[in-house]
Amino acid sequence: NLDDLERVEIIKGPQSALFGRSTFSGAINYITRKPDNDFRGRASATLGTDGLREASGTISFPIVRDILYAQADARLYDFGGQYNNIADPVERLGRERSRSFSGTIRLTPSSDTDIVARIGFAQDNDGFVAATRIGRIPGQVLPVANQLLFQGVDCFLPQFSGVITSGRPTATTRTRGYLCGEIGQPNS
């Protein structure tokens with residue numbers, strides 16, 4: 001969670017010696033605030049269209065003043081998806097779900113010693129991404145202009161059995177379909 005940021009460091013140029021081999025053009029380092037003697041808290045909530053719900057919060061407090069401190073963070077995020085799936089009417093495309101929790105304990109037994117222990121858990125469970133296939137849905141009648149545009153692009157489409165299971169059509173094959181032939185250029 002980045003609810004309690006202290007600062008963001010942007011380091012330009014190759015940084016693989018300090019931050020690993022994937023930092024050949026630089027690094028962005030997010031520094032979160034350590035718990036201290038100040039009692040701090042923050043909470044936020046968001047509601048939106050398409051099933052958007054988000055709640056996050058952080059709390060930081062001293063357990064033993066000037067010696068032991070604690071911090072806890074949580075974020076719950078749900079997005080119901082933005083697009084209808086014509087192949088599977090039950091599933092919405094673009095669905096996202098994230099859960100993250102973390103905790104920090106800080107011990108400063110002397111002015112020279114600062115011990116910080118952090119534990120975190122994060123889980124993402126996203127649905128299918130919104131993608132498109134150029135072609136005809138079996139049984140769909142296209143306008144005359146589109147029939148020329150989509151001619152010859154329906155290769156190896158899945159074959160549906162006609163059986164509906166839990167509101168979803170069942171295919172008899174595992175093929176997904178792909179484009180073949182030439183794709184015409186739209187004139188309008």
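Up top is the structure.
Keep in mind that what you see is a predicted model, and the values were worked out from it rather than measured.

Definitions and limits used
- Residues numbered from 1 in each chain as written.
- Predicted model: local features only at pLDDT ≥ 70, side-chain atom pairs only at ≥ 80, totals over all residues.
- Heavy atoms only, no water.
- Helix = DSSP H or I, 4+ residues; strand = E, 2+ residues; numbered from the N terminus.
- Contact = heavy atoms within 4.5 Å.
- Phe/Tyr/Trp six-rings, centres within 6.5 Å; stacked < 30°, edge-to-face > 60°.
- Buried < 20%, exposed > 50% of the residue type's maximum accessible area, 1.4 Å probe, protein only.
- Pairing = 2+ DSSP bridges.
- Axes fitted to C-alpha atoms, helices over the stretch in contact; angles between N-to-C directions.
- Polar contact = N/O pair within 3.5 Å; in protein donor to acceptor, adjacent residues only side chain to side chain.
- Salt bridge = Lys/Arg side-chain N within 4 Å of Asp/Glu carboxyl O.
- Patch = residues over 30% accessible without salt bridge, like charges linked within 9 Å, V, L, I, M, F, W, Y side chains within 5 Å.
- Areas by Shrake-Rupley, 256 points an atom, 1.4 Å probe, with all protein chains shown as cover.

Asker: How should I be thinking about the environment of Ala27 in this particular structure?
Answerer: By the secondary structure assignment, Ala27 is in strand β2 (residues 26-32). Placed 14 residues apart in sequence, Ala27 and Gly13 show a C-alpha to C-alpha distance of 8.0 Å. Among all residues touching Ala27, those that are not within four sequence positions of it are Glu9, Ile10, Ile11, Gln15 and Phe19.

Asker: So what exactly am I meant to see when it comes to the packing of aromatic side chains here?
Answerer: In this description, a pair of aromatic rings is defined by centroid distance and the angle of the planes. Per the counting criterion, the structure on display carries one aromatic pair. Summarising the aromatic geometry, the rings of Phe101 and Phe121 are spaced 6.4 Å apart at their centres and angled 20° between planes, so their arrangement reads as stacked. Of this pair, Phe101 sits in strand β8 (residues 96-110) while Phe121 sits in strand β9 (residues 113-124), and the two are 20 residues apart along the sequence. By relative accessible area, Phe121 is classed as partly exposed at 43%.

Asker: Can you walk me through the sheet that holds strand β3 (residues 40-48) in this structure?
Answerer: Sheets are built from strands paired through backbone hydrogen bonds, the pairs being either parallel or antiparallel. Read from one edge of the open sheet, five strands run β3-β4-β5-β8-β9, paired in antiparallel fashion. Taken across any chain shown, the strands that pair with only one partner, and hence form the sheet edges, are β3 and β9. With direction set aside, neighbouring strand axes in the sheet form an average angle of 5°. Here twelve bridges tie strand β5 (residues 68-79) to β8, and the two strands are oriented antiparallel to one another. Residue Ala74 lies in a different strand from β8, and its bridge partner there is Phe101.

Asker: Just checking my understanding: could you explain the pairing of β8 for this structure?
Answerer: Consecutive side chains of a regular strand alternate in pointing toward one face of the sheet and then the other. Taken together, the eleven bridges between β8 and β9 define a ladder with antiparallel strand orientation. For Gly103, the partnering residue across the bridge sits in β9 and is Ile119. The loop that links β8 with its antiparallel partner β9 comprises two residues.

Asker: Got a minute to help me understand the side chain of Asp78 in this structure?
Answerer: Turning to its location among the elements, Asp78 is positioned in strand β5. By relative accessible area, Asp78 is classed as buried at 12%. At 3.1 Å, the side chain of Asp78 forms a polar contact with the side chain of Arg99.

Asker: Would you mind going over the pairing of β3 with me for this structure?
Answerer: The pairing of β3 with strand β4 (residues 52-64) spans nine bridges and is antiparallel. Bridged to Ala43 within β4 is Gly57.

Asker: Help me understand the pattern of salt bridges in this model?
Answerer: As a working rule, side chains carrying opposite charge can pair if their charged atoms are close by. Scanning all chains against the criterion turns up eleven salt bridges. One salt bridge in this structure joins Glu6 and Arg7, with 2.9 Å as the shortest N-O distance. Judged by its relative accessible area of 43%, Glu6 is partly exposed. Where Arg53 meets Asp78, a salt bridge forms, and the shortest distance between an N and an O atom there is 3.4 Å.

Asker: Would you mind going over a nonpolar patch on the surface with me for this structure?
Answerer: Together, Ile63, Val64, Ile67, Ile105, Leu107 and Ile115 make up an exposed nonpolar region whose accessible area comes to about 460 Å². Only β4 and β8 provide two or more residues apiece to the nonpolar patch. Residue placement: Ile105 occurs in strand β8.

Asker: What exactly am I supposed to notice about unusual backbone geometry here?
Answerer: Residues other than glycine seldom take positive phi values, yet Asp50 does so here, at roughly 60°. Positionally, Asp50 belongs in the loop between β3 and β4. Judged by its relative accessible area of 33%, Asp50 falls in the partly exposed class. At Asp66, a residue that is not glycine, the phi angle is positive and equals roughly 70°. Looking at the element boundaries, Asp66 is found in the loop between β4 and β5. Judged by its relative accessible area of 48%, Asp66 is partly exposed.

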